[in-house]
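What follows is each chain in one-letter form.
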Amino acid sequence: MQQSSGTETGVAGQIAMVREVMGRRIAILAHHYQHDDVVRHADIVGDSLELARRIEGLKAEYIVFCGVSFMAETAAILAGPYQSVRLPDMEADCIMAAMAPARRVENVIAHLAGSTGRRIIPLAYVNTSAEVKAVVGRLGGAVCTSANAARMMEWGLAQGDAVCFLPDKNLAANTADALGIAEDERVLLDVRGDGRNVDPVAAGRARLFVWPGMCAIHHRMRTEHVAAARAAHPGALLVVHPECRPEVVKLADAAGSTRRIIEFCEQAPGGATIIVGTELNLVQRLAARHAPDKRILPLLPSICENMGKITEEKLLHCLQKILSECRVTVPEELSEPARLSITRMLEACA
Ligand code: SF4
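Residues numbered from 1 in each chain as written. Predicted model: local features only at pLDDT ≥ 70, side-chain atom pairs only at ≥ 80, totals over all residues.

## What about the sheet that holds strand β4 (residues 84-86)?
Rule in force here: Here, any two strands with at least 2 DSSP bridges between them count as paired. A helix here means a DSSP run of H or I that spans at least four residues, while a strand means a run of E at least two residues long, and both kinds are numbered starting from the N terminus. The axes are straight lines fitted to the C-alpha atoms, using for helices just the contacting stretch, and the angles between their N-to-C directions are given from 0 to 180°.
Taken in spatial order, the four strands line up as β2-β1-β3-β4 in an open sheet, and their pairing is parallel. A single partner strand is all that each edge strand has here, and the edge strands are β2 (44-46) and β4. Averaged over neighbouring strand pairs, the angle between their axes works out to 20° when direction is ignored. With five bridges connecting them, strand β1 (residues 26-31) and strand β3 (residues 62-66) associate as parallel partners. Paired with A27 across the bridge in β3 is I63.

Below is the structure:
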């Protein structure tokens, strides 16, 4: 992370000026998938778990969240009553989160529980809307991230008869593989009929119901890309995000959260070539950080366009808006005569 300086010109310089005026009243948080132009202005850069953990310790009045809407919502839920969370582009949504609308989640789980008579514990990946998190909270479930999905799935299984994991089917499958949950104990849901199309026998014995969502950015990485990368770079290491397909994860040397991917690159021996299966902005930043000691290449150049909706210009606009809200102004036609009346008093009482 690079801090912008007051000597910079253009958009970066203007951001630096607003930051100088506002000081610690503003904190800028950026997800690892943000572009470098945005990341360089951030006070904290992290994955969704790391950023959520940092909210409680923040004293800033304004938290500017450079990520997607579910992350900003999580920050708003965790922020104090005197804090305001801003997203520089309100249309920066996560495609995966949009695949699990709250009403449907509620209907599917109600139907599964009603038709089987079993206690189904919803487990929502953090990539879900605040409405879905509220449904999950009401139904006795919890939220998880890619870093703690296995621990939380075990927790859910201990709370009830089965877990309904949403919305990422790949993270669900990879986590179930890690926990040894057999294929015939899993049911991939057809959510179009609010769960009515599920085979009742399978539903009666399932330990895991899987919502059929996915992250388009990670799901497009396939075994062919792994084969091509292995052929082009013999001896290279491969690390991927668990939102990738299970067949890709099985071919990798390691799989884990964004934090785990960063650590894997740090801990790899000098001279290593590392193929990374995650969002391109992070892969490029890792490549720049470790060059020339290690060579870091993308498994597939895959960009999250929603993360990319946050630009340096939109960040500046958001900061300027905060600044204008904070500035006390007096209409021009009033300020001159009012100034005269004040200065007369000051002079008379000098
Ligand atoms: S990378 Fe995937 S999971 Fe992350 S915000 Fe983009 S669409 Fe959502």
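## Comments concerning the site of the ligand
What counts, and what does not: Near residues are defined by distance alone, with the backbone-placed C-beta atom required to lie within 6 Å of the molecule or strand. Amino acids are sorted into nonpolar (Ala, Val, Leu, Ile, Met, Phe, Trp, Tyr, Cys and Pro), charged (Asp, Glu, Lys and Arg) and polar (every other residue, Gly among them).
In the vicinity of the ligand lie 13 residues, with C94, I95, C215, I217 and C304 positioned nearest. Taken together, the residues that form the shell around the ligand break down as ten nonpolar, two polar and one charged.

## So, the sheet that holds strand β10 (residues 237-240)
Put simply, the rule is: Placing a C-beta atom from the backbone of each residue, one calls two residues in contact when those atoms lie within 7 Å.
Across the sheet, four strands lie side by side as β11-β10-β12-β13; this open sheet has parallel pairing. Each edge of the sheet is formed by a strand with only one pairing partner; in this case those strands are β11 (254-255) and β13 (295-298). In the sheet, strand β12 (residues 273-277) pairs with β13 via four bridges, with the strands oriented parallel. Residue pairing in the sheet places V276 in a bridge with P298 of β13. Along the sheet, helix α15 (residues 280-290) makes contact with β12 and β13, crossing β13 at roughly 170°.

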